[in-house]
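Here is how the chains run, residue by residue.
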Amino acid sequence: MTRSIEQAFDLAKQRFSDLGIDVARALDLLDRLPISVHCWQGDDVRGFENPQGALTGGIQATGGYPGRATNAAQLRADLERAFSLIPGPKRLNLHAIYLESERPVERNAIEPRHFSHWVEWAKSQGLGLDFNPSCFSHPLSSDGFTLAHADPAIRRFWIEHCQASRRISAHFGEQLGTPSVMNIWVPDGMKDLTVDRLAPRRRLMTALDEVLAEPLDARHHIDAVESKLFGIGAESYTVGSNEFCLGYAASRQIALTLDAGHFHPTEVISDKISTAMLYVPRLLLHVSRPVRWDSDHVVLLDDETQAIAQEIVRHQLFDKVHIGLDFFDASINRIAAWVIGTRNVRKALLRALLEPVELLRQREAAGDYTARLALLEEQKSLPWQAIWEGYCLRHDVPVGAGWLEDVRRYEQLNQR
């Protein structure tokens, strides 16, 4: 089988070369694009602070598939198994609730030492770490407000939590030699009609300014803010809307996070990338799959995933866009979910890198829209799959669905 894959790869490489596409360069660029894999797929966003606690803040992991990780050792083992089946560079994205401590630690008191095992593990795996404050599933977020809370004491608690999270993120970057992207998302909003929409947004703006006040080395840490359209319990009003976060990121010159599930069902983030890049220095993308709402399904190799990858490649945003995943499906094997979603994002990036972009630009600039459409459609059937399979061989990961048997064996050996 290996020989036939190599032969198909060579034939496909020549086919792309005939179109002026350098496959070797495309694969080199593909290996420069890490995907930040989210830890929370492995345990249904429970964390280790209070893993039996109910999820709040519009977050819901549905399904009852067995095998959820219940401690950090299990989660790291599951991640290692998933990573062994995914080609290309990866990072790990952690939430603050994944701390490890023998004693309970309040969220505004978390420190780098509570994540020391994650740092050592990341070093052993050759990974970078990204981070998120966890402004949900906590007694002080039970009424739906955190950084925009009207109570100064509660607001102070969440400000301190985010400040502590920034220091942890900077520690990750310093220890691992690659900047940690820290994303701030808050669930603040209201279920029903709202009279004063301005005051909470003023409080959120002021709170974020205080969170970001401490200067941190950009070589170690990158700040980002993430918007949302609505959530469970915040159906009528979300404080951190798209307009708020875009304005805040642009005015403070920090990164803006675009989540594929955080907009109206008829909106797509692929169309927002080029606009946002005119105003903000960096983007963090949360690649997910909404189904009628922000339901965070496993990423498919669908039109929107492909369009996101094309925007990154066509505009050469390799050093300005950070690619992360955000889904949590408890209805299927969780390791398989990681593998399917992450491999699909990398497939989309490969397909985008194998696109004859310069030729398409030339046809578009010349007003030859007939040729543009014809070329766009014809490139869809080019033999990119043969290049993908060769890429998998180079990274010593299974080709096709061969990885599924590995997941099944692991599942049988680690029944929970």
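Per chain, residues are indexed from 1 in the order of the written sequence. Given that the model is predicted, a residue must reach a pLDDT of at least 70 before its local features are reported, and side-chain atom pairs must reach 80 or more before they are shown or counted; all residues, however, enter totals for whole chains, interfaces and linings. Only hydrogens and water are set aside when side-chain values are computed; all heavy atoms of the structure are taken into account.

Convention followed: UniProt positions are given in the numbering used here, feature names are shortened, and annotations may be inferred rather than shown by experiment.
The name given to the chain in an unreviewed UniProt entry is L-rhamnose isomerase, and the organism recorded there is Serratia ficaria. The Function (unreviewed entry) comment attached to the chain in UniProt states, word for word, "Catalyzes the interconversion of L-rhamnose and L-rhamnulose." UniProt, in its Subunit (unreviewed entry) section for the chain, records the words "Homotetramer."

## Here we look at the overall build of the chain
Quick reminder of the rule: Numbered from the N terminus, helices here are DSSP runs of H or I no shorter than four residues, and strands are runs of E no shorter than two. The globule rule is 2.2 Å times the number of residues to the power 0.38, and the radius of gyration it is compared with is taken over C-alpha atoms. Categorising residues by exposure relies on relative accessible area from a 1.4 Å probe, with only protein chains included: less than 20% of the type maximum marks a residue as buried, more than 50% marks it as exposed, and the intermediate range marks it as partly exposed. Any pair of residues with heavy atoms lying within 4.5 Å of one another is described as a contacting pair. To measure how exposed things are, a 1.4 Å probe is used in the Shrake-Rupley method; for residues, cover is taken only from the protein chains shown. Asp and Glu are treated as the negative residues and Lys and Arg as the positive ones, with His and the ends of the chain left uncounted. Taken as the charge location is NZ of Lys, CZ of Arg, CG of Asp or CD of Glu.
Helix and strand content of the chain: 14 helices and ten strands. Over its C-alpha atoms the chain spans a radius of gyration of 22 Å, differing by no more than 12% from the 22 Å that the globule rule assigns to 416 residues. With the C-alpha coordinates aligned to their principal axes, the bounding extent of the chain is approximately 65 × 55 × 40 Å. In the chain, which comprises 416 residues, the share counted as buried stands at 53%. A separation of at least 24 residues holds for 81% of the contacts in the chain among residues at least 6 apart in sequence. Accessible surface computed for the chain: about 18400 Å², of which carbon and sulfur atoms make up 51%. The distance from the centre of the 46 positive side-chain charges to the centre of the 55 negative ones in the chain is 1 Å.

## Describing the packing of aromatic side chains
Within a pair of aromatic rings, the relevant descriptors are the distance that separates the centres and the angle that separates the planes. Spelled out, the test is: Any two rings among Phe, Tyr and Trp, with Trp reduced to its six-membered ring, count as a pair given centres within 6.5 Å; such a pair is stacked if its planes are under 30 degrees apart, edge-to-face if over 60, and tilted if neither. A positively charged side chain is recorded as over a ring if its NZ (Lys) or CZ (Arg) lies within 6 Å of the ring centre. The angle to the ring normal must also be within 35 degrees.
The final tally for this structure, using the stated rule, is ten aromatic pairs. On the numbers, 5.4 Å between centres and 85° between planes, the contact of Phe131 with Phe172 is edge-to-face. Taken together, the positions of Phe131 in strand E3 (residues 128-132) and Phe172 in helix H5 (residues 152-176) put the pair 41 residues apart, joining distant regions of the chain. Pair check on accessibility: Phe131 and Phe172 agree, each one buried. Consider the rings of Phe244 and Tyr248, whose centres lie 6.1 Å apart with planes at 10°: the pair is stacked. Of this pair, Phe244 and Tyr248 both sit in helix H7 (residues 242-252), four residues apart, which is roughly one turn of that helix. Phe244 sits in the buried class, given a relative accessible area of 14%. Three or more aromatic residues joined by ring pairs make a cluster, and in this case those are Phe83, Trp118 and Trp121. When the ring centre of Trp118 is taken as origin, the NZ or CZ atom of Arg76, which lies over that ring, is 4.6 Å away.

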